[in-house]
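Structural overview
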Amino acid sequence: MGRSQAPDSVESCTRETSEPSGPGRRLWRNRLAAAAGVVMLCAAGLVPVGPTAAAAVPTRGGAPLYISDYSNNRVVKLPAGGGPQITVPATGLVRPTGMALDAAGDLYISDTGNNQVVKLPAGGGPQTVVPTTGLLRPLGLVISAGGDLYVADSFNDRVVKLPADGGPQTIVPTTGLLHPWGLALDRVGDLYISDFVNDRVVKVPADGSGQTTVPAGGLSQPAGLALDRAGDLYISDTGNNRVVKVPADGSGQTTVPTNGLNDPLGLALDAAGNLYIADNYNNRVVKVAADGGGQTTLPANGLNGPTGLAIRPARPGW
């Protein structure tokens, strides 16, 4: 399916009110087409999926990798160092997308089709719904070193913050967002947002000095984001089927060496600096070795539209 056209089943599911007339009609259709072209909200599955089998998984610095298996309405975990693939015991998910892990190992999932975020405690306690207000197709998530949760509230064109202390939800001060997708935080708390429909990534400084646009050239429908320890920013340049790297030192954007990506979405980095990419239309997750060892495909079974990735940070905030 091309990225510029939304099937009727997607449009009828994503539309919350009747289609407007006049000048708003084109913007409305562009929004639906952009969203549907990447995650195909509420659309039928892409390929038949068989039972989950055991998968030997390379070591990831002692941390398991979580994958949101979008069209199968589940999240799977690939244990660090190998072992069977595990389906995370999350109930009632509809089109899960973004994920984040806090310092305690609690897993947060954007339950996109249900317009909510759910939390699964690391210790195996009951699943809970994060107390949010008015979310509409939440996508990317990120958690600060202090435990604050940020949510890309995509169809509301905003990012919201849920304070760790239980305070009320607030709206991050941004300008001109249209279908925000991925989120990332750096060491000092600056927030990066992929502004999907506007083909850009913006930075919201923690000091309140005002939003700026990250100097990344030629982006088309940017989605997933990840930051390494040096502050280098990785961007899923979804419309161009590539991942780009924007170095913190300003030395110039480069393209990550990958093969055959088709609609790359979620990104994650492990403690060793290896990059993981949710290769959505290829129904796989690939690893790009930090040491230049090339791209490999992880042995994840039965994926149908992998969308989000998460690895527990090696230390709080990373």
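Residues numbered from 1 in each chain as written. Predicted model: local features only at pLDDT ≥ 70, side-chain atom pairs only at ≥ 80, totals over all residues. Heavy atoms only, no water.

1. Some details on the overall build of the protein
To keep things clear, this is the line we draw: Helix and strand definitions here come from DSSP, where helices need a minimum of 4 consecutive H or I residues and strands a minimum of 2 consecutive E residues; each element is numbered from the N-terminal end. Three exposure classes are used, based on accessible area relative to the maximum for each residue type with a 1.4 Å probe and protein chains only: buried under 20%, partly exposed in between, and exposed over 50%. Contacts between residues were defined by any pair of non-hydrogen atoms, one from each residue, lying within 4.5 Å. For the area figures, the Shrake-Rupley method with a 1.4 Å probe applies, and any residue is considered shielded solely by the protein chains shown.
Each helix and strand counted, the protein has two helices and 24 strands in total. Across the 318 residues in the protein, those meeting the buried criterion constitute 51%. Nonlocal contacts in the protein, meaning residues at least 24 apart in sequence, comprise 45% of its contacts between residues at least 6 apart. With an accessible surface of roughly 12800 Å², the protein has 50% of that area assigned to carbon and sulfur atoms.

2. Looking at the sheet that holds strand β12 (residues 180-185)
Let me state the cut-off plainly: A pair of strands counts as paired when DSSP detects no fewer than two bridges linking them.
The strand order across the open sheet formed by four strands is β12-β13-β14-β15, and the pairing between neighbours is antiparallel. Of all strands in the sheet, those with a lone pairing partner are β12 and β15 (212-213), marking the two edges. Sheet topology places strand β13 (residues 191-195) next to strand β14 (residues 200-204); five bridges connect them, and they run antiparallel. Each residue of the ladder has a partner; that of I193, found in β14, is V202.

3. Some remarks on unusual backbone geometry
Note: most residues except glycine have negative phi, and most peptide bonds are trans. You will see that D157, though not glycine, has its phi angle at about 55°, which is positive. Mapped onto the elements of the fold, D157 is located in the loop between β9 (149-153) and β10 (158-162). On the basis of relative accessibility, which here comes to 22%, the residue D157 falls in the partly exposed class. Phi at N241 is positive, roughly 55°, even though this residue is not glycine. Along the polypeptide, N241 turns up in the loop between β17 (233-237) and β18 (242-246).

4. Let's talk about the nonpolar core
One recurring pattern in soluble globular proteins is that nonpolar side chains are buried together. Put simply, the test is: In plain words, nonpolar cores are sets of buried Ala, Val, Leu, Ile, Met, Phe, Trp, Tyr and Cys residues tied together by side-chain atoms within 4.5 Å.
In this structure, L65, I67, Y276, V285 and L309 are the most contacted members of the largest nonpolar core, which totals 14 residues. Within the residue set of this core, elements represented by two or more residues are β1 (65-69), β2 (74-78), β21 (275-279) and β24 (306-311). Setting aside residues up to four positions removed in sequence, L309 forms contacts with L65, Y66, I67, M99, G266, L267, A268, Y276, I277, A278 and V285.

5. Observations regarding the UniProt feature "repeat: NHL" (unreviewed entry) in the protein
Going by this rule: UniProt positions are given in the numbering used here, feature names are shortened, and annotations may be inferred rather than shown by experiment.
The UniProt feature table records "repeat: NHL" (unreviewed entry) at residues 87-123, 208-249 and 250-291. Split by type, residues 87-123 is 0% helix and 46% strand. Its first and last C-alpha atoms lie 16 Å apart.

6. Comments concerning the pattern of salt bridges
The criterion, for reference: One speaks of a salt bridge when a side-chain nitrogen belonging to Lys or Arg is within 4 Å of a carboxyl oxygen belonging to Asp or Glu.
Overall, the coordinates contain nine salt bridges when judged by the stated rule. The partner of R74 in a salt bridge is D69, and the shortest N-O contact between them spans 2.6 Å. Exposure class is identical for R74 and D69. Each is buried.

7. Here we look at the sheet that holds strand β5 (residues 107-111)
By way of backbone hydrogen bonds, the strands of a sheet pair with one another, either parallel or antiparallel. In space, the four strands of this open sheet follow the order β4-β5-β6-β7, with antiparallel pairing throughout. Each having just a single partner strand, β4 (96-101) and β7 (128-129) make up the two edges of the open sheet.

8. Here we look at the pairing of β24
Within a regular strand, the side chains alternate between the two sheet faces. Most of β24 is tucked away, with six of its six residues classed as buried. Bridge analysis of β1 against β24 gives four bridges, and the strand direction is antiparallel. The residue bridging D69 from the neighbouring strand is P306, located in β24.

9. What to know about the side chain of D232
Defined as follows: Whenever a nitrogen or oxygen atom comes within 3.5 Å of another N or O atom, the pair is scored as a polar contact, on the condition that within protein one atom can donate a hydrogen and the other can accept it, and that pairs from neighbouring residues in sequence are kept only if both atoms are in side chains.
With respect to the element layout, D232 can be found in the loop between β16 (222-227) and β17. Here the side chain of D232 touches A248 through a polar contact of 2.8 Å, landing on its backbone nitrogen. Contact partners of D232, with chain neighbours within four places excluded, come to A226, L227, K245, V246, P247 and A248.

10. A closer look at the environment of P163
When you line up the elements, P163 lands in the loop between β10 and β11 (170-171). With 16 residues separating them along the chain, P163 and G147 place their C-alpha atoms 7.3 Å apart. Beyond its immediate stretch of four places on either side in the chain, P163 contacts D148 and P168.

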